[in-house]
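Structural description and commentary
Listed here are the chains, written in short residue letters.
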Amino acid sequence: MAGGGLAGLATALFLAEQGVDCLLLEGVRERLRPPRILGVHPRAMELLRSLGLEEKIRRLPSAKALEENNGIALADTLSGWDLSTIDEKYLLDVHAEPGTLSPTSWCLADERELESVLRDRAQHLGLLVEIHSELVSFDQGGPGVDEVTALVRDPETGEQRQIKACYLVDAGGTDGRVRSRLGIPFEGHTLGHFVTVRFIANLQNETRGRKFIMCYTVNPLLHGSLMPLDNSEDWLLHVKHDPEKEPLESFTPERCAELIRAATGVRNLDPDVLQVNAWAGEAKTAGRFSDGRVFLVGDAAHVMPPSGGFDAGTGVLDGHNLAWKISAVLNGWADPDLLETYDEERRPVCAATVEQAVLRSQDRRRLIKQSPEPPSSEIAEDPLVWRAARYRSAAVMPWDEGTLPGFGVWAAENDGRPGCRAPHLRLRYGGSEISVLDLFGRSMVLLTGPDNRPWLEAGRSVSAELGTPLSLYGMGVDLDDLDDRWPELYGVTAQGAVLVRPDGVVAWRCAEAPIFTRNVLRSMIKRVLRLDQPPADKGI
């Protein structure tokens, strides 16, 4: 695993939860990144919750400081006009109760603090995490070679060594070198160039108790945005610039202080400028997310503007999709062809997510200029982008129930169809209340209704025959549906069943038990895991 950011750490943890040994390389530059507040959307929080990390994340200093922050504000300066809040239909209040949609909700946290929680968890699980190690090069070998050879360097000592592994996952820690080496295009465009100034100044009087995620400031001296790191003294100011006319060196402490005064409206403010960084707002997606035994996740696979707060969660979802497939192949209960579905599933969704971030970024400009034009009709509402992705690949059964309405890759309603995230249900299991999502992770899961004897017998037989881990749960038998929503949400009867993949995606459903239950279930599992392919000489 090359890259120790959020996507790389999450992917490594998902692999570890699957029992896969993993070496995580974390370069020096990753530790020197400027601070950044991440919006971890509900679906990503569901996955981090599955790792047992939700409460630790919510107890982080930044998460506690920002737990009441909400909305995007607009003002001439922080101390000028009364702050108004940008209010559009597609924007969901981040404090809105998840209700029946999810067992968890949105979280704001400092990127470095969030990564520290994942890093601690990785070390607790015994994962090898090498700080100050960089990937120099790699070689997949020729046909029939079942490993990747990587050359790794310690930048402090210059020492190099070779590592052999079954697979290489690039999580953006190698500046696109893996992608370039594979000849994979990075398609898209740059939206603009920006400078971020971190500074210390007490602005409590200016905020007047308002706790926002970001405040756009628009006046004759500056078009910028302020972001609180602690709602008190620690702040970020983002301003657009032309790197050819205004190189980073031109942003001296004195000039930065003037920009901060223009944004805050406090003429005599004497801010302490801590850090100045330049970055590009890009919208790009890799031409493919895999090549042989090499896979791209997170920033290596896609980059997007921060509008919408999708980037952090998208990388987490990449790793979650990939990890169970690698584990299934390594442990022999899936064909290596299953790994091809990572690109099939994630690339269309990620490309669409990048486009949604761009549409929101463009709409921010409309809102700042106070244009009367309505937002683009192509903007999907936040909850759809977070959790309503629908996959089409060889690892889910094709839909045969008509077209599901929605926005492209997102379903307007999640009714348990194949390719969609299994809908959340509140259940009682073993005397405790859980979410149905808590049942997914290491194995395939077969959810059945109360009349489930044929399914239980078929599931046990097929699992033993194929060597496929399969957990069996009956609604009204092992599980109590606290809200009585199982048939409605999953589209089955008391005799029906739903097959769910380890990543919580519905692979197949059957409204009622067929006559030859065992044969049907066996055929579906083999198809989903690509075990129905003709024999071939494939290493794992």
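A brief report on the enclosed structure follows. (Residues numbered from 1 in each chain as written. Predicted model: local features only at pLDDT ≥ 70, side-chain atom pairs only at ≥ 80, totals over all residues. Heavy atoms only, no water.)

1. Concerning the nonpolar core
Convention followed: Residue types Ala, Val, Leu, Ile, Met, Phe, Trp, Tyr and Cys, when buried and joined through side-chain atoms within 4.5 Å, form a set referred to as a nonpolar core. Think of it in three bands: with a 1.4 Å probe and only protein chains considered, a residue is buried below 20% of the maximum accessible area for its type, exposed above 50%, and partly exposed in between. Here a strand is any run of E in DSSP of at least two residues, a helix any run of H or I of at least four, and the numbering for each starts at the N terminus. A contact between two residues is defined here by any heavy atoms of the two lying within 4.5 Å.
Core analysis: the biggest nonpolar cluster contains 90 residues, and Leu118 and Leu529 have the highest contact counts within it. For this core, the element with the most residues is helix 10 (residues 311–330), which contributes nine residues. Leave out the neighbours within four places in its chain, and leucine 118 touches Leu6, Leu9, Ala10, Leu13, Leu48 and Leu53. In this structure, Leu66, Ile86, Phe310 and Val385 belong to the second largest nonpolar core, which totals 34 residues.

2. Let's talk about the sheet that holds strand 26 (residues 497–500)
We count it as follows: Pairing between strands is defined by DSSP: at least two bridges between the two strands are required. The axes used here are C-alpha line fits, helices contributing only the stretch in contact, and every angle between their N-to-C directions lies in the interval 0 to 180 degrees.
Strand order in the open sheet formed by four strands is 24-23-26-27, and the pairing between neighbours is mixed. In this open sheet, the two edge strands, each paired with only one partner strand, are strand 24 (470–474) and strand 27 (506–510). On average, adjacent strands in this sheet sit at an angle of 15° to one another, irrespective of strand direction. Sheet strands touched by helix 13 (residues 453–466): strand 23 (444–448), strand 24, strand 26 and strand 27. Its angle to strand 24, the strand with the most contacts, is close to 175°.

3. A short note on the packing of helix 3 (residues 42–50) against helix 10
What counts, and what does not: Here is the rule for angles: anything less than 35 degrees is roughly parallel, anything more than 145 is roughly antiparallel, 65 through 115 is roughly perpendicular, and the remaining ranges are oblique. The crossing is said to be left-handed when, going from far helix to near helix, the turn is anticlockwise and less than a right angle, and right-handed when the turn is clockwise. Each residue is assigned to one class: nonpolar for Ala, Val, Leu, Ile, Met, Phe, Trp, Tyr, Cys and Pro, charged for Asp, Glu, Lys and Arg, and polar for all the others, Gly among them.
Viewed as axis vectors pointing N to C, helix 3 and helix 10 meet at an angle of 45°, and their least axial separation amounts to 9 Å. Between helix 3 and helix 10, the angle is such that the two are oblique. In this structure, helix 3 crosses over helix 10, and the sense of that crossing is left-handed. Across the interface between the two elements, Arg43, Ala44 and Leu47 from helix 3 touch Gly313, Val316, Leu317 and His320 from helix 10. Split by residue class, the contact of helix 3 with helix 10 holds four nonpolar, two polar and one charged.

4. Section: the sheet that holds strand 16 (residues 290–291)
The three strands are arranged 10-17-16 in an open sheet whose pairing can be described as mixed. Each edge of the open sheet carries a strand with a single partner, namely strand 10 (168–170) and strand 16. Judged from the two bridges that link them, strand 16 and strand 17 (residues 294–296) form a sheet pairing that is antiparallel. Bridge pairing links aspartate 291 to valine 294 in strand 17.

5. Observations concerning the pairing of strand 26
Burial along strand 26 is two-sided: Ala497 and Leu499 and Val498 and Val500, pointing in opposite directions, are all buried. Pairing geometry for strand 23 and strand 26, over four bridges, is antiparallel. Across the sheet, residue leucine 446 finds its bridge partner in strand 26, namely leucine 499. Here strand 26 runs beside strand 27; their pairing, made up of four bridges, is antiparallel. In the strand pairing of strand 27, valine 500 is matched with valine 506. In textbook terms, the turn of a hairpin is the stretch between consecutive antiparallel strands, and for strand 26 and strand 27 this stretch comprises five residues, one of which, glycine 504, has a positive phi near 80°.

6. Focus: helix 10
Heads up, the rule is: Helix span, expected: 1.5 Å multiplied by one less than the number of residues in the helix.
Its 20 residues place the ends of helix 10 29 Å apart at the C-alpha level, agreeing with the 28 Å of an ideal helix rising 1.5 Å per residue. By the criterion of burial, helix 10 is predominantly enclosed, with 19 of the 20 residues buried. Remark: glycine 332 follows helix 10 within two positions and exhibits a positive phi of approximately 80°.

7. Topic: the packing of aromatic side chains
Heads up, the condition is: Ring pairs are drawn from Phe, Tyr and Trp, using the six-membered ring of Trp, whenever the two centres fall within 6.5 Å, and their geometry is named by plane angle: stacked under 30 degrees, edge-to-face over 60, tilted for the rest. Each ring is checked for a lysine NZ or an arginine CZ that lies within 6 Å of its centre and within 35 degrees of its normal; such an atom marks a charge sitting over the ring.
Going through the model one piece at a time under the given rule, you end up with 10 aromatic pairs. Ring centres 6.1 Å apart and planes at 45° place the aromatic pair phenylalanine 289 and tyrosine 342 in the tilted group. Residue phenylalanine 289 is located in the loop between strand 15 (272–286) and strand 16, and its partner tyrosine 342 is located in helix 11 (residues 340–368); the two are separated by 53 residues in the primary sequence. By relative accessible area, tyrosine 342 is classed as buried at 0%. Connected via pairs of aromatic rings, a cluster forms that spans Tyr167, Phe289, Phe295 and Tyr342. The positively charged end of arginine 179 is found above the aromatic ring belonging to phenylalanine 186, 3.6 Å away from the centroid.

Coordinates in, geometry out; function isn't part of it.
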